[in-house]
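Understanding the architecture of this molecule
If you want the building blocks of each chain, they are given just below.
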Amino acid sequence: MPLFSNKFTPKTIPVRRHDTSVVRNEFGSDYASRELSIDLNPVKIKLGDFEVSFEEGQWIPVSGRAGAAYKENLRLKKELEQLEEENNMLRLKFEILLDMMTDKTVEAEQQQQTDVQRAQSLSSLKKAKKQKW
């Protein structure tokens, strides 16, 4: 029995390995492949002439008519989003122009009313002067 040893030394805990699925889900596959040096290729399944791959949590058709239709749908979705953003911008510009026109119309009406009041006061002054003479 050793004289200066400690009987109660705990055992060393083995080092944990990184769970790549958590890192991939939290930060994305690009981050995981760059930081952890992991090559994460998408899962691909081929059944006859039909081939699909699992990317970003979805099965995406790679080849055949479905693949072409999927790519066309993606292009159309991007174009639709772009047109919706443009439509929203045009609506905003229209609202701003409408507000500006309303302000100018109100200012013009106020100016016209003040001009009419001045003309009426000048005509009443002229009538008053004529009656005194």
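Quantities reported herein were computed from a predicted structural model and do not represent experimental measurements. (Residues numbered from 1 in each chain as written. Predicted model: local features only at pLDDT ≥ 70, side-chain atom pairs only at ≥ 80, totals over all residues. Heavy atoms only, no water.)

1. Considering the overall build of the chain
Selection rule: Secondary structure counts use DSSP, requiring at least four H or I residues in a row for a helix and at least two E residues in a row for a strand, with both numbered from the N terminus. Exposure is judged per residue with a 1.4 Å probe applied to protein chains only, and the accessible area is read against the type maximum: over 50% gives exposed, under 20% gives buried, and values in between give partly exposed. It only takes one pair of heavy atoms within 4.5 Å for two residues to be counted as in contact. Here the open area of atoms and residues is found with the Shrake-Rupley method and a 1.4 Å probe, where only the protein chains shown may cover a residue.
The helix and strand tally for the chain stands at 3 helices and 3 strands. Across the chain, helices and strands are ordered from the amino to the carboxyl terminus as α-α-β-β-β-α. Here the chain, with 133 residues, has 6% of them falling under the buried criterion. Across the chain, every contact between residues at least 6 apart in sequence was considered, and the portion connecting residues at least 24 apart equals 0%. Accessible surface, the chain as shown: approximately 13,100 Å² in total, 56% of it carbon and sulfur.

2. A short note on the side chain of serine 53
Stated formally: In the analysis that follows, any N or O atom pair within 3.5 Å is treated as a polar contact, provided that within protein one partner can donate a hydrogen and the other can accept it, and provided that, for residues neighboring in sequence, both atoms belong to side chains.
On the secondary structure map, serine 53 appears in strand E2 (residues 50-55). Judged by relative accessible area, which is 2%, serine 53 ranks as buried. At 3.3 Å, the side chain of serine 53 forms a polar contact with the side chain of glutamate 55. Residues contacting serine 53, with those up to four places away along its chain left out, are Val43, Lys44, Gln58, Trp59, Ile60 and Val62.

3. Description of the UniProt feature "coiled-coil region" (unreviewed entry) in the chain
Spelled out, the test is: UniProt positions are given in the numbering used here, feature names are shortened, and annotations may be inferred rather than shown by experiment.
What UniProt calls "coiled-coil region" (unreviewed entry) maps, in this numbering, to residues 66-100. Secondary structure across residues 66-100 divides into 100% helix and 0% strand, with the first and last C-alpha atoms of the span separated by 51 Å.

4. Details of the pattern of salt bridges
Here is the rule we go by: A pair is scored as a salt bridge if a Lys or Arg side-chain nitrogen falls within 4 Å of a carboxyl oxygen belonging to Asp or Glu.
Counted by the stated rule, this structure contains 3 salt bridges. The partner of arginine 75 in a salt bridge is glutamate 79, and the shortest N-O contact between them spans 3.2 Å. Taken together, the residues arginine 75 and glutamate 79, both in helix H3 (residues 64-132) and 4 residues apart, mark about one turn of the helix. Look at the salt bridges and you will find they share partners, linking Glu72, Arg75 and Glu79 into a network.

5. Digging into the pairing of strand E3 (residues 58-61)
Put simply, the rule is: One bridge is not enough; two strands pair if DSSP finds at least two bridges between them.
Pairing analysis gives 4 bridges linking E2 to E3, with the strands arranged antiparallel. Across the sheet, residue serine 53 finds its bridge partner in E3, namely isoleucine 60.

6. What about the pairing of E2?
Relative to E2, strand E1 (residues 43-47) runs antiparallel, the two sharing 5 bridges. Opposite leucine 47, over in E2, you have phenylalanine 50 as the bridge partner. Joining the antiparallel neighbours E1 and E2 is a turn of 2 residues, in which glycine 48 adopts a positive phi near 70°. Taking the residues that link successive antiparallel strands as the turn, the E2-E3 hairpin has 2 residues, and the phi of glutamate 56 there is positive, at about 55°.

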